[in-house]
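Analysis of the macromolecular model
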Amino acid sequence: PDLSFAWIFNEYPSFVQEDSRRFVSQETGHLYIAKVEPSDVGNYSCVVTTKATKSPVLGSPTPLVLRTDGVMGEYEPKIEVQFPETLAAAKGSTVKLECFALGK
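Report follows, based on the coordinates. (Residues numbered from 1 in each chain as written. Predicted model: local features only at pLDDT ≥ 70, side-chain atom pairs only at ≥ 80, totals over all residues. Heavy atoms only, no water.)

1. Structural notes on the nonpolar core
One finds F5, W7, F9, V16, V24, L31, Y44 and C46 forming the largest nonpolar core, which totals 8 residues. Listing elements by their share of this core, those giving two or more residues are β1 (3–9) and β4 (42–50). The greatest single-element share of this core, amounting to 3 residues, is contributed by β1. (Core = buried A, V, L, I, M, F, W, Y, C linked by side-chain atoms within 4.5 Å. Buried < 20%, exposed > 50% of the residue type's maximum accessible area, 1.4 Å probe, protein only. Helix = DSSP H or I, 4+ residues; strand = E, 2+ residues; numbered from the N terminus.)

Here you go:
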């Protein structure tokens, strides 16, 4: 809860907007993009902000390129789940559990 994560696409102030294909995990800071399209090609930089200092820190750019050979690599299908054994929540509060399916 002390950190917040965002991603810049190519250059500031073009932040990645979450939608049905893009998701930024506030748990890990990871950026997930489903069904990559040519318009997704570019440089992505992570921005981490602490709530205590409200000072953003910008990571170095990571390029996303499309492969033209159609090979996705060695990604066997899997589901990533990292839930705690128990999760206490106050009645009426919001609980967010993240689960991702990866693979071909």
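2. Quick word on the packing of aromatic side chains
Applying the stated criterion to the full structure yields 3 aromatic pairs. Pairing Y12 with F15 gives two aromatic rings, centres 5.8 Å apart and planes at 80°, and the pair type is edge-to-face. Overall, Y12 belongs to the exposed group, its relative accessible area being 62%. (Phe/Tyr/Trp six-rings, centres within 6.5 Å; stacked < 30°, edge-to-face > 60°.)

3. Some words on unusual backbone geometry
Of the consecutive residues Y12 and P13, the connecting peptide bond is found in the cis state with omega at 5°. Looking at the element boundaries, P13 is found in the loop between β1 and β2 (22–24). With a phi angle near 50°, K35 is a residue other than glycine that sits in the positive phi range. As for its position among the elements, K35 is in the loop between β3 (31–33) and β4. Taking the relative accessible area as the measure of exposure, K35 reaches 71% and is therefore exposed.

4. A few points about the pairing of β4
Judged from the 7 bridges that link them, β1 and β4 form a sheet pairing that is antiparallel. Residue pairing for β4: F9 is matched across the bridge by Y44. Pairing between β4 and strand β6 (residues 62–64): 3 bridges, direction antiparallel. Directly across from G42, in β6, lies its bridge partner L64. Sheet topology note: the β4/strand β5 (residues 56–58) ladder contains 3 bridges and is antiparallel. Note that in β5 the partner of V47 across the bridge is L58. Between β4 and β5, which pair antiparallel one after the other, the connecting turn spans 5 residues, and K54 there sits at a positive phi close to 55°. (Pairing = 2+ DSSP bridges.)

5. Digging into the side chain of S25
Considering the arrangement of structural elements, one finds S25 in the loop between β2 and β3. Accessibility expressed as a relative area gives 1% for S25, which makes it buried. At a separation of 3.2 Å, a polar atom in the side chain of S25 contacts the main-chain amide nitrogen of E27. The contact partners of S25, leaving out residues within four places of it in the chain, are F5, H30, Y32 and E98. (Polar contact = N/O pair within 3.5 Å; in protein donor to acceptor, adjacent residues only side chain to side chain. Contact = heavy atoms within 4.5 Å.)

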